[in-house]
Amino acid sequence: MSEQLLIGGVATKRGRIRPPCGPAIVAVATELNQRLAECNWLDSAPFDTVSLILRFGDAKPDSQIGAINTSHSELPVARELSMDECIERARAGTLLAYFRVETIVALTDVSRRYNLSLDLCEHD
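Residues numbered from 1 in each chain as written. Predicted model: local features only at pLDDT ≥ 70, side-chain atom pairs only at ≥ 80, totals over all residues. Heavy atoms only, no water.

A. Quick look at the pattern of salt bridges. Applying the stated rule across the entire model yields eight salt bridges. A salt bridge links D58 to K13; its shortest N-O distance comes to 3.4 Å. Of this pair, D58 sits in the loop between β2 (49–57) and β3 (64–65) while K13 sits in the loop between β1 (5–11) and α1 (22–38), placing them 45 residues apart in sequence. Put simply, K13, D58 and D84 are held in one network by salt bridges that share partners. (Salt bridge = Lys/Arg side-chain N within 4 Å of Asp/Glu carboxyl O. Helix = DSSP H or I, 4+ residues; strand = E, 2+ residues; numbered from the N terminus.)

And the structure:
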């Protein structure tokens, strides 16, 4: 099974998220890839993969959705999260839930832009 959702993270502002956020990102990608595959979310999409970058800097409310990379059939998407909030959530142990919500927001924005099913957001 190919990945329908790839997630990465990058700091755009100085700060240290401890414990590191990598395991939370991997867990969210794994969980949501399974959900997306179960509901055939990308069957009618003009791309095969969503490549989401979580930017840790100053929070911005909107997802940035780029142009489809036709050579890789990939849609680049980014969300900018507050570095300070990520640091606080990592300390409180709620970073996984925060990343899950922010990823679902990004996928919902993609769903609306490309008229895809919103079913993935009704799970929980």
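B. Structural detail: the sheet that holds β2. Overall, mixed pairing links the four strands, which are arranged β1-β2-β4-β3 in an open sheet. With partners counted over all chains shown, the strands left at the sheet margins are β1 and β3, one partner each. Here β2 pairs with strand β4 (residues 74–82) via nine bridges, running parallel. Within β4, the residue paired with G57 across the bridge is S82. Its contacts with the sheet put α1 on β1 and β2, and the angle it makes with β1 is roughly 155°. Along the sheet, helix α3 (residues 95–114) makes contact with β1, β2, β3 and β4, crossing β4 at roughly 135°. (Pairing = 2+ DSSP bridges. Contact = heavy atoms within 4.5 Å. Axes fitted to C-alpha atoms, helices over the stretch in contact; angles between N-to-C directions.)

C. Spatial organisation of the pairing of β4. The element β4 is extensively covered by neighbouring structure, given that seven of its nine residues are classed as buried. Pairing of β3 with β4 involves two bridges; the strand directions are antiparallel. Looking at the pairing, I65 lines up with V77 of β4. (Buried < 20%, exposed > 50% of the residue type's maximum accessible area, 1.4 Å probe, protein only.)

D. Structural detail: the packing of helix α2 (residues 83–92) against α3. One way to put it is that α2 packs onto α3 with a least axis distance of 8 Å and a crossing angle of 135°. One way to sum up the angle between α2 and α3 is to call them oblique. On α3, the residues that touch E85, C86, R89 and A90 of α2 are L95, Y98 and F99. Taken together, the residues that form the contact of α2 with α3 break down as five nonpolar, no polar and two charged. (Parallel < 35°, antiparallel > 145°, perpendicular 65-115°, else oblique. Nonpolar A, V, L, I, M, F, W, Y, C, P; charged D, E, K, R; others polar.)

E. Structural view of the packing of aromatic side chains. Scanning all chains against the criterion turns up three aromatic pairs. Here F47 and Y114 contribute two aromatic rings whose centre-to-centre distance is 5.2 Å and whose plane-to-plane angle is 80°, an arrangement assigned as edge-to-face. In this pair, F47 is assigned in the loop between α1 and β2 and Y114 in helix α3, connecting sequence segments 67 residues apart. Taking the relative accessible area as the measure of exposure, Y114 reaches 22% and is therefore partly exposed. For the ring pair F56 and F99, a centre distance of 5.9 Å and an interplane angle of 20° mean the geometry is stacked. Here F56 is found in strand β2, whereas its partner F99 is found in helix α3, with 43 residues between them in sequence. On the accessibility criterion, F99 (1% relative accessible area) is buried. By way of ring pairs, the aromatic residues F56, Y98 and F99 are connected into one cluster. (Phe/Tyr/Trp six-rings, centres within 6.5 Å; stacked < 30°, edge-to-face > 60°.)

F. Representation of α3 in the model. Given a rise of 1.5 Å per residue, 20 residues ought to cover 28 Å, and the 28 Å separating the end C-alpha atoms of α3 matches this to within 8%. If you check which residues of α3 are buried, you get L95, Y98, F99, R100, E102, T103, I104, A106, L107, T108, V110 and S111. Where α3 terminates, the next one or two residues include N115, which has phi positive at roughly 55°. (Expected span 1.5 Å × (residues − 1).)

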